[in-house]
Amino acid sequence: MKVRYAQLLLLFALLLGWGLLTDPRVPAFYFDNPDKAAFFFGEPLKVLGRLANWFVGGEIYPHLWVTLLETLLAFVLGTVGGIAMGLWLGLAPTAAAILDPYIKALNAMPRVILAPIFMVWFGLGMASKVALGITLVFFIVFFNVYQGVREVSPAVLANARMLGASQRQLLRHVYMPSALSWVFASLHNSVGLAFVGAVVGEYLGSAEGVGYLIHQAEGVFDINTVIAGILLLTLFALVLDGAVGWIESRLMVWQPHAGDTTQL
Amino acid sequence: MVDGHYSLELERITCRFASRDDPGMPYVAVAEASLAVRAGEFVAVVGPTGCGKSTLLNVAAGLLAPSSGAVRVHGEPLVGINRKAGYMFQADALMPWRSALANVTAGLEFRGIEAGEARAQGQAWLQRVGLGGFGARYPHQLSGGMRKRVALAQMLALDPEILLMDEPFSALDVQTRQLMENELLALWSANRKSVIFITHDLEEAISLSDRVIVLSAGPGTHPIGEFVIDLPRPRDVAEIRLTPRFVALHTRIWHAMKDEVMKAYAAQYAPLPEGA
């Protein structure tokens, strides 16, 4: 619990420092004009006011809904695709050998530059953002599942075969659970990247979503709204990450944790 | 070997592997090895480290197809996995994502036995290996000895006629190991299966088995000697080691083994300097 207090204290200190340094009433020591700090870095009270306005006025809900939906769709579709492809290639060495250079090339490509193409293909609506998010999520999950399938302990595999497992039972009872621990390791990264796909897509061209709001505010130099949007996205990324962590702790009870025994 | 009552026969088994250093020159792990186990007989196979003991056992299990030679189970040629055999591995082979009980019932489940029935049988087996209260634990929450007990229960739950054991207790400390050996003997005496027990420990081999087969050093491993162990049963593995008959057998078999152990040692390490 002491850690929690320290964390809250740190947050408070950061906000206080930010507030003091950007307050126009405090004399500027770097900028020639006391208003400039607020112009560039925003003011925490105004940012909070903006957030409150959004939620009280209800203006934010449709935008937030769009961004979250894009993120979730990209996350789920990318994960499912990554797991399916990872299992397949992990179990089919010939196909994996043939596809290897193509997969490497696709993974090495900076996929954000696909965003303009997706907009041409799928329009300015949600589909293009989801497509971008999927390309980001898919490869992370895919590589982890692929690795997980190939690193199944040979002894566990041979043992399951000796116990009479059929090919399907091996997939269900050995490969899948073994790959699952790798999947969860990758999901924490993928949640963040699904958000990146949605927001970058919105930022580049759209008519709704939090990325769109940020883009609009930036156009009129409303730095407080930009920061409010960033904070909002961060908050929801944390919530999604927490949800993944919660599911992980439910499904992965069998995994040893470093903290299983604590010294008293 | 014309008895005809063998539950498992390996006849002139040869296993060649492509060598990593020189693909043109295959590595012959096992050459022309024959051995047979009678129904209800406990056979221990000893050999120096790295001599291909596990290879031979994998052939018997059907996990590895030999390059040449025949495997027969009750006189029938073996095709695919040996369904009559249970295998206990040297390494930890429990599924870490299954609880101890779920590990024991895994084989029953694979065979389509109804879940409630499988659980009851699994629980009974856990009780028999002294882990009745540990069914809900996951493998990482169990000690090394307990994991071996779960593996033993997992193998025996399917009631296999042939037990293949690959240095199953070699990772355990001496006390735990002797406890496990005694329990294995007790379980085996209650329901006699054919056993091939691989080990590099001659004392373990003699104290457990009816017959000890000594393998040559690799490459090209094959049996070079066979010794009938006429020690009375039931045995206590710790006490029997002190009897004169045990010591006499040990001396005789060790004499036969010594050259092979030295050969294996020489192949693995640079020779010691003169006078060292």
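My aim in this report is to walk through the structure given alongside it, one point at a time. (Residues numbered from 1 in each chain as written. Chains lettered and ligands numbered in written order. Predicted model: local features only at pLDDT ≥ 70, side-chain atom pairs only at ≥ 80, totals over all residues. Heavy atoms only, no water.)

### Some words on the overall build of chain B
Counting its secondary structure elements, chain B contains eight helices and ten strands. Against the globule reference of 19 Å for 276 residues, chain B gives a C-alpha radius of gyration of 19 Å, in line with a compact fold. Overall, chain B is about 60 × 45 × 40 Å in size when its C-alpha atoms are taken along their principal axes. Each of the 276 residues in chain B was classed as buried or not, and the buried ones make up 50%. Accessible surface computed for chain B: about 12,700 Å², of which carbon and sulfur atoms make up 55%. Distance between charge centres in chain B, computed from 27 positive and 30 negative side chains, equals 3 Å. (Helix = DSSP H or I, 4+ residues; strand = E, 2+ residues; numbered from the N terminus. Rg over C-alpha atoms; globule rule 2.2 N^0.38 Å. Buried < 20%, exposed > 50% of the residue type's maximum accessible area, 1.4 Å probe, protein only. Areas by Shrake-Rupley, 256 points an atom, 1.4 Å probe, with all protein chains shown as cover. Lys, Arg positive; Asp, Glu negative; His and termini not counted. Charge placed at Lys NZ, Arg CZ, Asp CG, Glu CD.)

### Concerning the overall build of chain A
Check the secondary structure of chain A and you find eleven helices and zero strands. Mapped from its N terminus to its C terminus, chain A presents α and β elements in the order α-α-α-α-α-α-α-α-α-α-α. In terms of overall size, chain A is more extended than a compact globule, its C-alpha atoms giving a radius of gyration of 23 Å where 264 residues would be expected to give roughly 18 Å. Counting only C-alpha atoms and orienting by the principal axes, one finds that chain A spans roughly 75 × 60 × 35 Å. By sequence separation, contacts in chain A at least 24 residues apart represent 73% of the contacts at least 6 residues apart. When the accessible area of chain A is evaluated, it comes to approximately 15,200 Å², of which 71% is carbon and sulfur surface. If the 14 positive side-chain charges of chain A are averaged to one point and the 15 negative ones to another, these points end up 11 Å apart. (Contact = heavy atoms within 4.5 Å.)

### Quick notes on the sheet that holds strand β4 (residues 68-73) of chain B
Residues and elements named next belong to chain B. Ordered in space as β2-β1-β4-β5, the four strands form an open sheet in which the pairing is antiparallel. Edge positions in the sheet fall to β2 (27-38) and β5 (76-77), since each of these pairs with one other strand and no more. Each of β1 (6-17), β2 and β4 is contacted by helix α1 (residues 53-61), which is oriented at about 125 degrees to β1, the strand it contacts most. (Pairing = 2+ DSSP bridges. Axes fitted to C-alpha atoms, helices over the stretch in contact; angles between N-to-C directions.)

### Some details on the interface of chain A and chain B
Facing the 20 residues of chain A at the interface are 25 residues of chain B. Considering only the side of chain A, the residues that lose the most area to chain B are A:Met162, A:Leu163 and A:Trp254, jointly responsible for 38% of the buried surface there. Counting across the interface, chain A meets chain B through zero salt bridges. For the interface between chain A and chain B, the tally reads six residue pairs in polar contact (both at pLDDT 80 or more). The set of elements that each furnish at least two residues to the side of chain A that touches chain B consists of α8 (154-162) and α9 (167-204) of chain A. (Buried area = accessible area lost by both parts, 1.4 Å probe. Salt bridge = Lys/Arg side-chain N within 4 Å of Asp/Glu carboxyl O. Polar contact = N/O pair within 3.5 Å; in protein donor to acceptor, adjacent residues only side chain to side chain.)

### Digging into the sheet that holds strand β9 (residues 211-215) of chain B
All names here are of chain B. Ordered in space as β6-β7-β8-β3-β9-β10, the six strands form an open sheet in which the pairing is mixed. Two strands in the sheet have a free side with no partner beyond their single neighbour: β6 (85-88) and β10 (223-228). Direction aside, the axes of adjacent strands within the sheet are offset by 15 degrees on average. Sheet analysis places β9 next to β10, joined by five bridges and oriented antiparallel. Each bridged residue has a counterpart across the sheet, and for Ile213 the counterpart in β10 is Glu226. Lying over the sheet, helix α4 (residues 144-156) contacts β6 and β7 (162-166), oriented at roughly 170 degrees with respect to β6.

### Some words on the nonpolar core
Within the largest apolar cluster, 52 residues are counted, with the highest numbers of intra-cluster contacts made by A:Trp54, A:Val145, A:Leu170, A:Val174, A:Leu187, B:Met95 and B:Phe110. Within the residue set of this core, elements represented by two or more residues are α3 (44-57), α4 (60-91), α7 (126-150), α8, α9, α10 (210-219) and α11 (223-251) of chain A together with α2 (100-110) of chain B. For this core, the element with the most residues is α9(A), which contributes eleven residues. Not counting residues up to four positions away in its chain, the partners in contact with A:Val174 are A:Val152, A:Val156, A:Leu157, A:Ala160, A:Gln169, B:Met95 and B:Trp97. Residues B:Val30, B:Val43, B:Tyr87 and B:Ile198 belong to the second largest nonpolar core, which totals 34 residues. (Core = buried A, V, L, I, M, F, W, Y, C linked by side-chain atoms within 4.5 Å.)

### Brief notes about the packing of α4(A) against α10(A)
Residue and element names in this part refer to chain A. As a packed pair, α4 and α10 sit with axes 7 Å apart at the nearest point and diverge in direction by 120 degrees. Compared by their axis directions, α4 and α10 come out oblique. Facing Ile60, His63, Leu64 and Thr67 of α4, the residues of α10 in contact are Val210, Gly211, Tyr212 and Leu213. Residue classes in the contact of α4 with α10 are distributed as five nonpolar, three polar and no charged. (Parallel < 35°, antiparallel > 145°, perpendicular 65-115°, else oblique. Nonpolar A, V, L, I, M, F, W, Y, C, P; charged D, E, K, R; others polar.)

### Thoughts on the packing of aromatic side chains
What describes a pair of aromatic rings is the distance from one ring centre to the other and the angle between the planes of the rings. For the structure shown, the criterion picks out 16 aromatic pairs over all chains. Chaining the aromatic ring pairs together yields one cluster made of A:Phe138, A:Phe139, A:Phe142, A:Phe143 and A:Tyr146. Geometry around B:Trp125 places B:Arg128 over its ring, the cationic atom sitting 4.2 Å from the centre. (Phe/Tyr/Trp six-rings, centres within 6.5 Å; stacked < 30°, edge-to-face > 60°. Lys NZ or Arg CZ within 6 Å of the ring centre and 35° of its normal.)

### Looking at the environment of A:Pro24
All names here are of chain A. Locating Pro24 in the fold gives a position in the loop between α1 (2-22) and α2 (34-41). Exposure remark for Pro24: the relative accessible area of 32% places this residue in the partly exposed category. In sequence terms Pro24 and Asp35 are eleven residues apart; their C-alpha atoms lie 5.2 Å from each other. If near-sequence neighbours (up to four positions away) are discounted, Pro24 is found in contact with Pro34, Asp35 and Glu43.

### What to know about the side chain of B:Gln154
One can find B:Gln154 in helix α4. For B:Gln154, a relative accessible area of 2% puts it in the buried group. Reaching out from B:Gln154, the side chain makes a polar contact with the side chain of A:Asn159 at a distance of 3.0 Å. Contacts of B:Gln154, omitting those with residues within four sequence positions, involve A:Asn159, A:Leu163, B:Leu94, B:Met95, B:Asn103 and B:Val104.

### Structural notes on the pattern of salt bridges
Applying the stated rule across the entire model yields 21 salt bridges over all chains. The partner of A:Asp23 in a salt bridge is A:Arg25, with the nearest N and O atoms 2.9 Å apart. You can call A:Arg25 exposed: its relative accessible area is 74%. In the salt-bridge network here, residues are joined through shared partners; they are B:Arg177, B:Glu181, B:Asp201, B:Glu203, B:Glu204 and B:Arg241.

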